[in-house]
Amino acid sequence: SVDKDVAILNVVTLREHMGLALYDQRVKSRLITTLGGLGLALAGIGLYGLMAFLVNRRTQEIGLRLALGSSRAAIFRITLAQALRLGGIGVAIGLITAIPATRLLRSMLVGVGPGDPVVFLSGIAILLLAALVAALAPARNAVRVDPMKALRSE
């Protein structure tokens, strides 16, 4: 309406303009989310392998406990408690490294602060839940140990 002879170029909607402006942030957040998911999967797989190894190594001890009258539920709880201890050590190491890292990545944080307790608590809960899920199969195998076979094996 001001000057009808001027050509209008690059007409985009506000939504498209904002999408282009936030493209870098989206790519970075998706990359960080993907790497975090891979890290969580690797931690779960590693903890599963460690717990399976520890249960296999403690087969005689578990058989002896069962032979002396320990309940299978107690063996299950002991195995899960060990996994939670290992997960707690991982959480502690993660917190020690995450707090300084959030300060370095402050420019990439959108909608949360570098020390947001809700984010940290939800991360801790997810990691401990992953530790429990990773330990379920080894704990179930520990409960299924036959005391007589375990005591005879070497």
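Each chain carries its own residue numbering, running from 1 in the written order of its sequence. The predicted origin of the model limits local features to residues at a pLDDT of at least 70 and limits the giving and counting of side-chain atom pairs to 80 or more, whereas totals for whole chains, interfaces and linings rest on all residues. Based on all heavy atoms of the structure, the side-chain values leave hydrogens and waters out of the count.

A.B. asks: Got a sec to walk through the overall build of the protein? Specific residues and values, please.
C.D. replies: Along the protein, the regular secondary structure elements total six helices and zero strands. Counting from the N terminus, the helices are the DSSP runs of H or I reaching at least four residues and the strands are the DSSP runs of E reaching at least two. Secondary structure elements of the protein occur, N-terminal to C-terminal, as α-α-α-α-α-α. Radius of gyration (C-alpha) of the protein: 26 Å, far over the 15 Å computed for a compact globule of 154 residues. Referenced to the eigenvectors of the C-alpha coordinate spread, the extents of the protein come out at roughly 95 × 25 × 20 Å. Burial classification: accessible surface area is computed with a 1.4 Å probe over protein chains only, and a residue below 20% of its type maximum counts as buried, one above 50% as exposed, and the rest as partly exposed. Across the 154 residues that make up the protein, the buried fraction comes to 20%. Working note: accessible area of the protein is about 11300 Å², and carbon and sulfur atoms make up 67% of it. Counting rule applied: Lys, Arg positive; Asp, Glu negative; His and chain ends not counted. The atom standing in for a charge is NZ when the residue is Lys, CZ when it is Arg, CG when it is Asp and CD when it is Glu. Charged side chains of the protein number 17 positive and 8 negative; the gap between the two group centres comes to 16 Å. In this treatment the radius of gyration is a C-alpha quantity, and the globule benchmark scales as 2.2 Å times the residue count to the 0.38 power. Surface accessibility follows the Shrake-Rupley procedure with a 1.4 Å probe radius. Residue values consider only the protein chains on display as shielding.

A.B. asks: Go over the environment of Ser70, please, and point to the residues and values.
C.D. replies: Locating Ser70 in the fold gives a position in the loop between α3 (59–67) and α4 (72–104). By relative accessible area, which is 25% here, Ser70 ends up partly exposed. Contacts between residues were defined by any pair of non-hydrogen atoms, one from each residue, lying within 4.5 Å. Apart from residues no more than four positions distant in its own chain, Ser70 is found in contact with Arg65 and Ile75.

A.B. asks: Summarise the side chain of Thr79; cite the residues concerned and give the values.
C.D. replies: Within the fold, Thr79 resides in helix α4. You can call Thr79 buried: its relative accessible area is 4%. With residues up to four places along the chain from it excluded, the contact list for Thr79 reads Met51, Val55, Pro138, Ala139 and Ala142.

A.B. asks: Quick one: what's the story with the nonpolar core, residue by residue and with numbers?
C.D. replies: In terms of nonpolar packing, the biggest core is built from nine residues, these being Leu47, Met51, Leu54, Leu80, Ala83, Ala131, Ala134, Ala135 and Ala139. Elements represented by at least two residues in this core include exactly α2 (23–57), α4 and α5 (117–143). For this core, the element with the highest residue contribution is α5, accounting for four residues. Setting aside its immediate chain neighbours within four residues, Met51 contacts Thr79, Gln82, Ala83, Leu86, Ala135 and Pro138. The nonpolar core is taken to be a set of buried Ala, Val, Leu, Ile, Met, Phe, Trp, Tyr and Cys residues, with the residues joined through side-chain atoms within 4.5 Å.

A.B. asks: Can you tell me about the pattern of salt bridges, naming the residues and giving the values?
C.D. replies: Put simply, a salt bridge is a Lys or Arg side-chain nitrogen that is within 4 Å of an Asp or Glu carboxyl oxygen. Counted by the stated rule, this structure contains two salt bridges. Note that Arg58 and Glu61 form a salt bridge whose closest N and O atoms lie 2.9 Å from each other. Classification of Glu61 by relative accessible area gives partly exposed; the value is 31%. In this structure, Glu61 engages Arg65 in a salt bridge whose closest nitrogen and oxygen atoms are separated by 3.1 Å. Of this pair, Glu61 and Arg65 both sit in helix α3, four residues apart, which is roughly one turn of the helix. Beyond isolated ion pairs, a larger network of salt bridges with shared partners links Arg58, Glu61 and Arg65.

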